[in-house]
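Chain residues, written in single-letter form:
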Amino acid sequence: MKVSLMMLIISHLLADFFFQSNSLVEKKSNNIKYLLIHAVIYLVLILLPCMLYGKAFQIISICVVVGITHFIVDFLKIKTCKNFKTDKASFWIFIVDQLIHFGVLFIASFFLTDFNIIGNFFIEQYSFAEAIIGIDFQRFLLHCAIFLIMFSPSGVFIKLFLMSLPKEKAQTDKPNESKDLKIEKSTIQAGSVIGYLERVIILVLGLLGQYASIGLVLTAKSIARYNRISNEPDFAERYLVGTLLSLFIAIIGLIILK
């Protein structure tokens, strides 16, 4: 994979997931001002790798095109989600949205060919650190991209996938519904953090060749959820699907890095 493409992908992951809070996601769905704010943040982060290539006009042109395209795609995504208000639709809209973004970055990478003065200086500085890190710049970028994917991008994908699965009929007449909602929200947040740690630990253990230790991670996770697994069959099924999907993503990342 080209160095320019990997840097663009890293910028995309940072802008679309790590620098986009849940609050911003909700606000930009109802107010175009916040969508513009997200587009500007995205453009700035895309500008960083582009600054290493070509001349000023070329850099500005690529960034403006990518930024405007991202704004349009996100705007259409919001409109489509409002027209198709189902969890399954949200999942597939997310997939298509990300594929289009990656496609735009793939095309943009073909216009980023030769390093400029800034790029050559940056690579020279990295060459000093290469002896310590032990991997070249291209492998370093690949490691960064895979580890970033293990966090929020994978978490959002798994969450939307689980939400798209068929659900049992919800219970009615709950006396403490607001309290249950708060508990469920905190449980989801804790589950997301556990998922992040699970995938990163599995990836690190796999890179170190400690495959037997991966079982301990999954066991510890299962013990923490034992009561709900034994008492709630629907939760147990979703927990298993989520865990296997999380494990699958970590294994794919490990295969790529190996």
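It should be noted that the structure appears before, not after, this text.
The following paragraphs examine the structure supplied in this document. The structure displayed is predicted, hence computed values, not measured ones. (Residues numbered from 1 in each chain as written. Predicted model: local features only at pLDDT ≥ 70, side-chain atom pairs only at ≥ 80, totals over all residues. Heavy atoms only, no water.)

### What about the overall build of the chain?
Here is step 1 of the chain: When its secondary structure is counted, the chain shows 12 helices and 0 strands.
Here is step 2 of the chain: Shown N-terminal to C-terminal, the secondary structure of the chain runs as helices and strands in the order α-α-α-α-α-α-α-α-α-α-α-α.
Here is step 3 of the chain: C-alpha atoms of the chain, sized along the principal axes, occupy 65 × 50 × 25 Å.
Here is step 4 of the chain: At a minimum sequence separation of 6, the contacts of the chain that also span at least 24 residues come to 77%.
Here is step 5 of the chain: Looking at the chain as shown, the accessible area adds up to about 15600 Å², and 70% of this sits on carbon and sulfur atoms.
Here is step 6 of the chain: Looking at the chain, you have 24 positive and 18 negative side-chain charges, and the mean spots of the two groups are 4 Å apart. (Helix = DSSP H or I, 4+ residues; strand = E, 2+ residues; numbered from the N terminus. Contact = heavy atoms within 4.5 Å. Areas by Shrake-Rupley, 256 points an atom, 1.4 Å probe, with all protein chains shown as cover. Lys, Arg positive; Asp, Glu negative; His and termini not counted. Charge placed at Lys NZ, Arg CZ, Asp CG, Glu CD.)

### Here we look at the packing of helix α5 (residues 87–109) against helix α8 (residues 152–164)
Here is step 1 of the chain: Interhelical geometry of α5 versus α8 gives an angle of 150° and a closest axis separation of 7 Å. Here α8 runs roughly antiparallel to α5, going by the angle between their axes. Where α5 crosses over α8, the handedness of that crossing is left-handed. Seen from α5, the contacting residues are Asp87, Lys88, Ser90, Phe91, Phe94 and Ile95; seen from α8, they are Val156, Phe157, Leu160, Phe161, Met163 and Ser164.
Here is step 2 of the chain: For the contact of α5 with α8, the class distribution of residues is 8 nonpolar, 2 polar and 2 charged. (Axes fitted to C-alpha atoms, helices over the stretch in contact; angles between N-to-C directions. Parallel < 35°, antiparallel > 145°, perpendicular 65-115°, else oblique. Left-handed = near helix turned anticlockwise from the far one by under 90°. Nonpolar A, V, L, I, M, F, W, Y, C, P; charged D, E, K, R; others polar.)

### Comments concerning the layout of surface pockets
Here is step 1 of the chain: Approximately 650 Å³ is the volume found for the second largest pocket.
Here is step 2 of the chain: Forming the walls of the second largest pocket are 23 residues, and the residues nearest its centre are Leu13, Phe102, Ile149, Pro153 and Ser154.
Here is step 3 of the chain: For the lining of the second largest pocket, the elements supplying multiple residues, two or more each, are α1 (3–18), α5, α7 (137–149), α8 and α12 (233–257). (1 Å grid on protein atoms, 1.4 Å probe; cavity = no way out; pocket = protein on both sides within 12 Å on 5 of 7 lines; lining within 4 Å. Points joined across faces, edges and corners; volume = space filled by probe spheres on them.)

### Here's the deal with empty space enclosed by the protein
Here is step 1 of the chain: Tallying each qualifying case throughout the model produces 1 cavity of 30 Å³ or more.
Here is step 2 of the chain: Its volume calculated, the largest cavity comes out at about 30 Å³.
Here is step 3 of the chain: What lines the largest cavity is Tyr42, Val66, Thr69, His70, His101, Val104 and Leu105.
Here is step 4 of the chain: For the lining of the largest cavity, the secondary structure elements donating two or more residues are α4 (56–83) and α5.
Here is step 5 of the chain: Here the residues of the lining of the largest cavity sort into 4 nonpolar, 3 polar and no charged.

### A look at the nonpolar core
Here is step 1 of the chain: Of all hydrophobic cores here, the largest spans 48 residues; its most connected members are Leu8, Ile46, Cys50, Val66, Leu105 and Met150.
Here is step 2 of the chain: Looking at this core element by element, the count peaks at 9 residues for α1.
Here is step 3 of the chain: With residues up to four places along the chain from it excluded, the contact list for Leu105 reads Leu5, Leu8, Ile9, His12, Tyr42, Ile46 and Val66. (Core = buried A, V, L, I, M, F, W, Y, C linked by side-chain atoms within 4.5 Å. Buried < 20%, exposed > 50% of the residue type's maximum accessible area, 1.4 Å probe, protein only.)

### Structural notes on a nonpolar patch on the surface
Here is step 1 of the chain: On the surface, Ile32, Leu36, Ile60, Val64, Ile68, Ile72, Phe75 and Leu76 cluster together into a nonpolar patch covering about 700 Å² of accessible area.
Here is step 2 of the chain: Where the nonpolar patch is concerned, the elements lending two or more residues are α3 (32–50) and α4.
Here is step 3 of the chain: Examining the composition of the nonpolar patch, we find that 6 residues originate from one element, α4, more than from any other.
Here is step 4 of the chain: As for its position among the elements, Val64 is in helix α4.
Here is step 5 of the chain: Its relative accessible area of 36% is what places Val64 among the partly exposed residues. (Patch = residues over 30% accessible without salt bridge, like charges linked within 9 Å, V, L, I, M, F, W, Y side chains within 5 Å. Salt bridge = Lys/Arg side-chain N within 4 Å of Asp/Glu carboxyl O.)

### What to know about the side chain of Gln98
Here is step 1 of the chain: Residue position: Gln98 is located in helix α5.
Here is step 2 of the chain: Within the structure, the side chain of Gln98 is placed 2.8 Å from the side chain of His12, a separation counted as a polar contact.
Here is step 3 of the chain: When sequence neighbours within four positions are dropped, the list of residues in contact with Gln98 reads His12, Asp16 and Phe17. (Polar contact = N/O pair within 3.5 Å; in protein donor to acceptor, adjacent residues only side chain to side chain.)

### With respect to the packing of α3 against α4
Here is step 1 of the chain: Running from N to C, α3 and α4 cross one another at 145°; their axes reach a closest spacing of 9 Å. Of the two elements, α3 crosses α4, and the hand of that crossing is right-handed. The segment α3 lies against α4, with Ile32, Leu35, Leu36, His38, Ala39, Tyr42, Leu43, Ile46, Leu47 and Cys50 engaging Ile59, Ile62, Cys63, Val64, Val66, Gly67, His70, Phe71, Asp74, Phe75 and Ile78.
Here is step 2 of the chain: Across the contact of α3 with α4, the residue classes tally to 17 nonpolar, 3 polar and 1 charged.

### Regarding the packing of aromatic side chains
Here is step 1 of the chain: Applying the stated criterion across every chain yields a total of 13 aromatic pairs.
Here is step 2 of the chain: Judged by centre distance (5.6 Å) and plane angle (50°), the rings of Phe91 and Phe157 are tilted. With a gap of 66 residues between them, Phe91 in helix α5 and Phe157 in helix α8 connect regions that are remote in the sequence.
Here is step 3 of the chain: On the basis of relative accessibility, which here comes to 6%, the residue Phe91 falls in the buried class.
Here is step 4 of the chain: With relative accessibility at 24%, the residue Phe157 sits in the partly exposed group.
Here is step 5 of the chain: Grouping aromatic residues by their ring pairs yields a cluster made of Phe91, Trp92, Phe157 and Phe161.
Here is step 6 of the chain: Stacked on the ring of Phe110, the Lys or Arg Lys2 has its end atom at 4.7 Å from the ring centre. (Phe/Tyr/Trp six-rings, centres within 6.5 Å; stacked < 30°, edge-to-face > 60°. Lys NZ or Arg CZ within 6 Å of the ring centre and 35° of its normal.)

Interpretation in functional terms is not warranted from these geometric data alone.
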